Amino acid sequence: MDGDYIIGGIFSIHVYMHAVKHNYTTMPEPRRCTGSIVSRELRFARTMVFAIEEINNSTELLPGIKLGYQIYDSCASVPVAVHVAFQLSSSLDTVFYTSDNCSQSGMVMAVVAESGSTPSISISRIIGSFNIPQVSHFATCACLSDKQQYPTFFRTIPSDQFQADALAKLVKHFGWTWIGAVRSDSDYGNNGMASFLAAAHKEGICVEYSESFYRTHPRSRIQRVADVIRRSTALVVVAFTASGDMRILLEELSRKPSPPRQWIGSEDWVTDPYMLRFSFCSGAIGFAIEQSVIPGLRDFLLDFSPSKVAASPVLTEFWEDAFNCRLGKSAATDKRVCDGTEDIQMIQSPYTDTSQLRITNMVYKAVYAIAHAIHNAVCQETNSTTQCDKFTKTEPKEVLTQLKKVNFSQNGYDVSFDANGDPVAKYELVNWQKSESGSIESVTVGHYDASLPAGQEFSIKRKLTWVEGGTQVPVSVCTDSCPPGTRKVLQKGKPICCYDCILCPEGEISNVTDSPDCFPCPMEFWPNAERDTCLPKPVEFLSFSEVLGIILVVFSVVGACLTIITAAVFCRHRASPIVRANNSELSFLLLFSLTLCFLCPLTFIGPPSEWSCMLRHTAFGITFVLCMSCVLGKTIVVLMAFKATLPGSNVMKWFGPPQQRMTVVFFTFIQVLICTIWLVLSPPFPMKNLTTYKKRIILECALGSAIGFWAVLGYIGLLAVFCFVLAVLARKLPDNFNEAKLITFSMLIFCAVWITFIPAYVSSPGKFTVAVEIFAILASSFGLMLCIFAPKCFIILFKPEKNTKKHLMNKNQSSDI
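Rules used in this analysis
Residues numbered from 1 in each chain as written. Predicted model: local features only at pLDDT ≥ 70, side-chain atom pairs only at ≥ 80, totals over all residues. Heavy atoms only, no water. Helix = DSSP H or I, 4+ residues; strand = E, 2+ residues; numbered from the N terminus. Rg over C-alpha atoms; globule rule 2.2 N^0.38 Å. Buried < 20%, exposed > 50% of the residue type's maximum accessible area, 1.4 Å probe, protein only. Contact = heavy atoms within 4.5 Å. Areas by Shrake-Rupley, 256 points an atom, 1.4 Å probe, with all protein chains shown as cover. Pairing = 2+ DSSP bridges. Phe/Tyr/Trp six-rings, centres within 6.5 Å; stacked < 30°, edge-to-face > 60°. Lys NZ or Arg CZ within 6 Å of the ring centre and 35° of its normal. Axes fitted to C-alpha atoms, helices over the stretch in contact; angles between N-to-C directions. Core = buried A, V, L, I, M, F, W, Y, C linked by side-chain atoms within 4.5 Å. Salt bridge = Lys/Arg side-chain N within 4 Å of Asp/Glu carboxyl O. Parallel < 35°, antiparallel > 145°, perpendicular 65-115°, else oblique. Left-handed = near helix turned anticlockwise from the far one by under 90°. Nonpolar A, V, L, I, M, F, W, Y, C, P; charged D, E, K, R; others polar. Patch = residues over 30% accessible without salt bridge, like charges linked within 9 Å, V, L, I, M, F, W, Y side chains within 5 Å. pLDDT = per-residue confidence, 0-100.

From N to C terminus, the protein chain includes 22 helices and 30 strands. For 817 residues, the compact-globule estimate of 2.2 N^0.38 gives 28 Å, and the protein chain exceeds it by more than 25% at 53 Å. The principal-axis extents of the C-alpha atoms in the protein chain amount to approximately 170 × 65 × 50 Å. Per-residue burial over the protein chain gives 51% buried out of 817 residues. When contacts within the protein chain are restricted to residue pairs at least 6 apart in sequence, long-range pairs at least 24 apart make up 68% of them. As displayed, the protein chain offers around 37,500 Å² of accessible surface, 59% of which is attributable to carbon and sulfur atoms.

Below, the structure is given as structure tokens:
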């Protein structure tokens, strides 16, 4: 149709091109299309006509301007599309789609083309050289967003890059990590699948196989792809294919029963009503262009007068295919004759189906986008009125410039282009569900809006039906998820989604599913049995409530009580010869120090604190030195007493009671000095021992300065050895009751205990270190108590006849002790 400005249109109204053999001796035949008409593509072409007529009747958009059109059939063939592109660029060829007026008025301002990405690429490379803008309604290849290669290309349908990202997020949303992939061996399929695989890789999705095919490939190639799908372990198959290619594959799969597969479809085939006849694909999900409503379109599509049908070869062919007749011809064929008055509303065809206008609306918006660009180039707004000059010489380059700026709303749908010529990506999520009648229908179950923040793009509002009519989300993984407490170890030579689940090492946990690593617990924590949680380590110390602590407390209290009882016995019989003969003052001081020694273990039991750590070692060291000083004083008294019996000896005046007291004070003061220096420079302190045991914490007292600790023990040991040597020297003195013998035995026990203590103390773990030290204190204390005081108490209480001065001084009688 002629007009002041011409808009070109290219649609794949047929899908095959007549094969021409060239002999290079005669002029080749003109290219012509063969095969049946694609009803949906015819609807696209008629929608373009409807939009232009609607614009021509508008008083707001291009008032006083008449738009014309030239619509061509590309036969879904690149050679034909290239030929048509040159025709539109030169504006010299006759139009394919005709109306009442077949005249040519001027050059084409813009082109609406094409339904396929591959022919769109070829068209854009040609008309782009003439700065003619191209607006596609169905070419989705992400490659066309490259403005360096395709500077004049625009589209009203979102790029496959958005769809690929949405498909990857959809697969991830339902937890599928092991999928198969098939694609059309074309620019649409190859580029779309490449974008999807890149997005899937970012989402951690693994692909078991990726196969390509094309509808013109040999059947053996299609069979091979079908066999790969049948043999695969991946339940989910993502198909980025054109509708015609997918039909060929599904027909091949339907020939032989195959395992159920959950199909994920790209927009091109998952919304094609023709594909719904493949019932084994029930449950398929995919993205679709949003449904729309175009007022008046259905009436226009169904408005066929006999004259219109007869005047257009395309409409004639469509009519004859739709009603299986020959229009106005009575040739001898098996088809009946029709006259163009048949009721088009009675047939079921994609042409007449306007219940789900998706791509059709993309054609409608493409025409309006071009019209708005022309309007902005030739019209001016003055005093609230619009003036358009149809005689203004306008070049396609000006329309191209204005097309980049268009931003309007038509029928409630926004139209604008970003810097790459792409619209805002919005999709419907569709699901193939079985209706009550048993047929498969495409149902909208949600939406996807790429302009929303990450994580909020999906909005699923209806329950989905899955493969074989299931209601539970199918599982498609190479390996089941590793539970918390384990980590993933990749299987050699397989994708990252195939792995083994290995229990976390000792001391480490993983608290999430499919954790790639285990991480150690903090120092004061330890994993539970499942190794998915860090629990506080149990704290261990020698407590008053446990059996070992109770036993040691009992022995400590019993020892202190025995010492007090002994002191009471000695006090009661302090005037008796046996008490007086053994230096009662030192004896009472020794009993006092032994009482403190028995009570010292109580400071070792219970949770360590700063004060208890300093007290336990210093109190133990000082009380034992006090005890050893008393024993040493008693030993020296025995030796001095023997020397005093010799004629002319006055040695006892040099070691009388004052000297004895000074000796005890002196030796004890040295220990006090050592302890003071230790406490000042590096005192013991409470600490948590995290190294001895992995699974529990030992509360203990750190020595602070090991030198201080061993100096205290060494000083005690030095006094014990010195005392032992003196006692050995005095053990055979000729008294009937020689206390040196008793001291010798007590020092022998004392030294044996503490010599044994050293290796036991060093090698004992945890709270047993404290128990060993307490045992050494109690054993040595009981040794001193029993060896020195038990025989005397026995004589005092049970042998009073021997508690006489005469008996003690009888040198010729052997000792009873």
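Still to come is the rest of the account.
Strand order in the open sheet formed by 3 strands is S28-S30-S29, and the pairing between neighbours is mixed. Two strands close off the open sheet at either side, each with one partner strand: strand S28 (539-540) and strand S29 (685-689). In the sheet, S28 pairs with strand S30 (residues 697-702) via 2 bridges, with the strands oriented parallel. From the neighbouring strand, Glu540 faces S30, where its bridge partner is Ile698.

In this section: unusual backbone geometry. Geometrically, the link from Ala113 to Glu114 is a cis peptide bond, its omega value of 0° lying close to zero. Here Glu114 is to be found in the loop between strand S5 (108-112) and helix H3 (117-127). The phi angle at Leu62 is positive, at roughly 55°, despite the residue not being glycine. Its place among the elements puts Leu62 in the loop between helix H1 (39-56) and strand S4 (67-73). By relative accessible area, Leu62 is classed as buried at 0%. For Asn324, which is not glycine, the phi dihedral falls at a positive 50°. Following the sequence through the fold, Asn324 ends up in the loop between helix H11 (313-323) and strand S13 (325-327). Residue Asn324 is classed as partly exposed on the basis of its relative accessible area of 49%.

Under the criterion given, the structure shown has 29 aromatic pairs. Each residue in the set Phe304, Phe318, Trp319, Phe323 and Tyr351 is aromatic and connected to the rest through ring pairs, giving one cluster. Stacked on the ring of Phe154, the Lys or Arg Lys147 has its end atom at 5.5 Å from the ring centre. A cation sits over an aromatic face here: Lys792 above Phe789, 5.7 Å from the ring centre.

Attention shifts here to the sheet that holds strand S21 (residues 458-460). Picture the strands of a sheet paired through backbone hydrogen bonds; they go either parallel or antiparallel. Sheet architecture is open: 8 strands sit in the order S9-S8-S10-S11-S12-S19-S20-S21, paired in mixed fashion. This sheet does not close on itself; its edge strands, each paired only once, are strand S9 (206-213) and S21. On average, each strand axis in the sheet is inclined to that of its neighbour by 30°, with strand direction left out of account. Relative to the sheet, helix H6 (residues 219-231) contacts strand S8 (178-184), S9, strand S10 (236-240) and strand S11 (262-265), its axis offset from that of S9 by approximately 165°.

By size, the foremost hydrophobic cluster in this structure holds 101 residues, and its most contacted members are Met48, Leu62 and Phe196. Per element, the largest residue contribution to this core is 13 residues, and it comes from helix H12 (residues 359-378). Ignoring anything within four residues of it in the chain, the contact list for Met48 reads Ile7, Gly8, Gly9, Phe11, Tyr69, Ile71, Val112, Val363 and Val367. One finds Leu552, Val569, Trp678 and Trp754 within the second-largest nonpolar core, a separate group that totals 68 residues.

To continue, consider the side chain of Ser120. You can see Ser120 is positioned in helix H3. In this view, Ser120 contacts Ala113, Glu114, Gln134, Ser136, Ala139, Leu144 and Phe153; residues no more than four positions away in its chain are not counted.

Scanning the entire structure with this criterion turns up 15 salt bridges. Put simply, Asp303 and Lys308 hold a salt bridge, and the shortest N to O gap is 3.9 Å. Using a relative accessible area of 34% as the deciding quantity, one classes Lys308 as partly exposed. Of the charged contacts in the structure, one is a salt bridge between Arg696 and Glu540, with a shortest N-O distance of 2.7 Å. Of this pair, Arg696 sits in the loop between S29 and S30 while Glu540 sits in strand S28, and the two are 156 residues apart along the sequence. A relative accessible area of 25% places Arg696 in the partly exposed class.

Our focus in this paragraph is the packing of helix H4 (residues 160-173) against helix H5 (residues 187-202). As a packed pair, H4 and H5 sit with axes 8 Å apart at the nearest point and diverge in direction by 45°. Taken as axis vectors, H4 and H5 run oblique relative to one another. Both H4 and H5 take part in a crossing whose hand is right-handed. Contacts between H4 and H5 involve Asp160, Gln161, Ala164, Asp165, Leu167, Ala168 and Val171 on the former and, on the latter, Tyr188, Gly192, Ser195, Phe196, Ala199 and Ala200. Among the residues making up the contact of H4 with H5, the classes are represented as 8 nonpolar, 3 polar and 2 charged.

Take a nonpolar patch on the surface next. Taken together, the side chains of Ile550, Val554, Val558, Leu562 and Ile565 define a hydrophobic patch exposed on the protein surface, amounting to about 390 Å² of accessible area. With a relative accessible area of 39%, Val558 lands in the partly exposed category.

Topologically, Pro791 is positioned in helix H21 (residues 767-798). According to the relative accessible area criterion, Pro791 is buried, its value standing at 17%. Sequence separation between Pro791 and Leu742 is 49 residues, and the spatial gap between their C-alpha atoms is 8.6 Å.

We now examine the environment of Thr533. Assignment of secondary structure puts Thr533 in the loop between strand S26 (525-527) and strand S27 (534-536). The exposure class assigned to Thr533 is partly exposed, which follows from its relative accessible area of 34%. The sequence separation of Thr533 and Ser510 amounts to 23 residues, and the corresponding C-alpha distance is 7.5 Å. Ignoring any residue separated from it by four or fewer positions in sequence, one finds Thr533 in contact with Ile509, Trp526, Pro527 and Asn528.

Let us look at the confidence of the model for the protein chain. Of all residues in the protein chain, 91% attain a pLDDT of 70 or more, and the chain-wide mean is 85. Note on residues 92-104: pLDDT under 50 across the span, and 27 contacts to partners over four residues away in sequence or across chains. Low pLDDT (under 50) marks residues 811-817, which in the prediction has 11 contacts with non-local residues, meaning those over four places away or in another chain.

To continue, consider the packing of helix H14 (residues 547-572) against helix H16 (residues 584-599). It is the contact of H14 with H16, at a shortest axis distance of 8 Å, that shows an interaxial angle of 165°. Judged by the angle between their axes, H14 and H16 are roughly antiparallel. Note on packing geometry: the crossing formed by H14 with H16 is left-handed. Contact residues: H14 offers Phe555, Ser556, Gly559, Ala560, Thr563, Ile564, Thr566, Ala567, Phe570 and Cys571, while H16 offers Ser587, Phe588, Leu591, Leu594, Thr595, Phe598 and Leu599. Its residues placed into classes, the contact of H14 with H16 shows 11 nonpolar, 6 polar and no charged.

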